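Reading the structure
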Amino acid sequence: LFRLHRGSIDLVLVDFILPRLQGDMCAERIRELDGGVPIVIQSGYSMNSRIQELLEQRGVRFLAKPFGNDVLLSQL
């Protein structure tokens, strides 16, 4: 979906736990297509070393659930 609509996407919000592809792998694939789009991984679990690596090397942000609209908007 990102590949088809990337010109109209301002922010990618992806859960860390997904049915077919984990959020960190999804973020890496999106980053390969567009290095500038903001990506936020959300999770109800605490940050692990894989997410920490994405934060440091790929500019991916992390939000711990639950969070409010104001916190989400601050990521834009």
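Remember, predicted model here, so these are calculated numbers, not experimental data.

Right, let's get into the pattern of salt bridges. Any two side chains of opposite charge can pair, so long as their charged atoms come close to each other. One pass over the full model with this rule turns up 1 salt bridge. Linking Asp15 and Lys65 is a salt bridge whose minimum nitrogen-to-oxygen distance equals 2.6 Å. Here Asp15 is found in strand S1 (residues 12-15), whereas its partner Lys65 is found in the loop between strand S3 (60-64) and helix H4 (69-73), with 50 residues between them in sequence. Classification of Lys65 as partly exposed rests on a relative accessible area of 37%.

A separate point is the pairing of S3. A regular strand carries its side chains on alternate faces of the sheet. One ladder, built from 5 bridges, connects strand S2 (residues 39-43) with S3; its direction is parallel. Counterpart to Ser43 in the pairing with S3 is Ala64. Crossover handedness for the path S2 to helix H3 (residues 49-58) to S3: right-handed.

Strand order across the open sheet formed by 3 strands is S1-S2-S3, with parallel pairing between neighbours. Across the chains shown, the open sheet's two edge strands, defined by having one partner strand only, are S1 and S3. Mean inter-strand twist for the sheet, computed between neighbouring axes without regard to direction, equals 25°. Summarising the sheet, S1 and S2 pair through 4 bridges and their orientation is parallel.

Next up on the list: the nonpolar core. Judged by nonpolar contacts, the single largest core of 14 residues is most densely connected at Val12, Ile30, Val37, Ile39, Ile41 and Val60. Among the elements that make up this core, the one with the highest residue count is helix H2 (residues 23-33) (3 residues). Beyond its immediate chain neighbours, meaning those up to four positions away, Val37 contacts Phe2, Ile9, Asp10, Leu11, Val12, Ile30 and Arg31.

Topologically, Gln22 is positioned in the loop between S1 and H2. Placed 47 residues apart in sequence, Gln22 and Asn69 show a C-alpha to C-alpha distance of 24 Å. Excluding residues that lie within four positions of it along the chain, Gln22 makes contacts with Phe16 and Ile17.

Mapping Ser43 onto the fold places it in strand S2. With 19 residues separating them along the chain, Ser43 and Phe62 place their C-alpha atoms 7.9 Å apart. Those residues in contact with Ser43 that lie beyond four places of it in its chain are Phe16, Phe62, Leu63, Ala64 and Lys65.

Glancing now at the packing of H2 against H3. It is at 10 Å that the axes of H2 and H3 come closest, and there the two elements cross at 15°. Compared by their axis directions, H2 and H3 come out roughly parallel. Of the two elements, H2 crosses H3, and the hand of that crossing is left-handed. Note on element contacts: H3 touches H2 through Arg50, Leu54 and Arg58, opposite Asp24, Met25, Glu28, Arg31 and Glu32. Taken together, the residues that form the contact of H2 with H3 break down as 2 nonpolar, no polar and 6 charged.

Criteria and thresholds
Residues numbered from 1 in each chain as written. Predicted model: local features only at pLDDT ≥ 70, side-chain atom pairs only at ≥ 80, totals over all residues. Heavy atoms only, no water. Salt bridge = Lys/Arg side-chain N within 4 Å of Asp/Glu carboxyl O. Helix = DSSP H or I, 4+ residues; strand = E, 2+ residues; numbered from the N terminus. Buried < 20%, exposed > 50% of the residue type's maximum accessible area, 1.4 Å probe, protein only. Pairing = 2+ DSSP bridges. Right-handed = clockwise from strand over helix to strand, strands pointing away. Axes fitted to C-alpha atoms, helices over the stretch in contact; angles between N-to-C directions. Core = buried A, V, L, I, M, F, W, Y, C linked by side-chain atoms within 4.5 Å. Contact = heavy atoms within 4.5 Å. Parallel < 35°, antiparallel > 145°, perpendicular 65-115°, else oblique. Left-handed = near helix turned anticlockwise from the far one by under 90°. Nonpolar A, V, L, I, M, F, W, Y, C, P; charged D, E, K, R; others polar.

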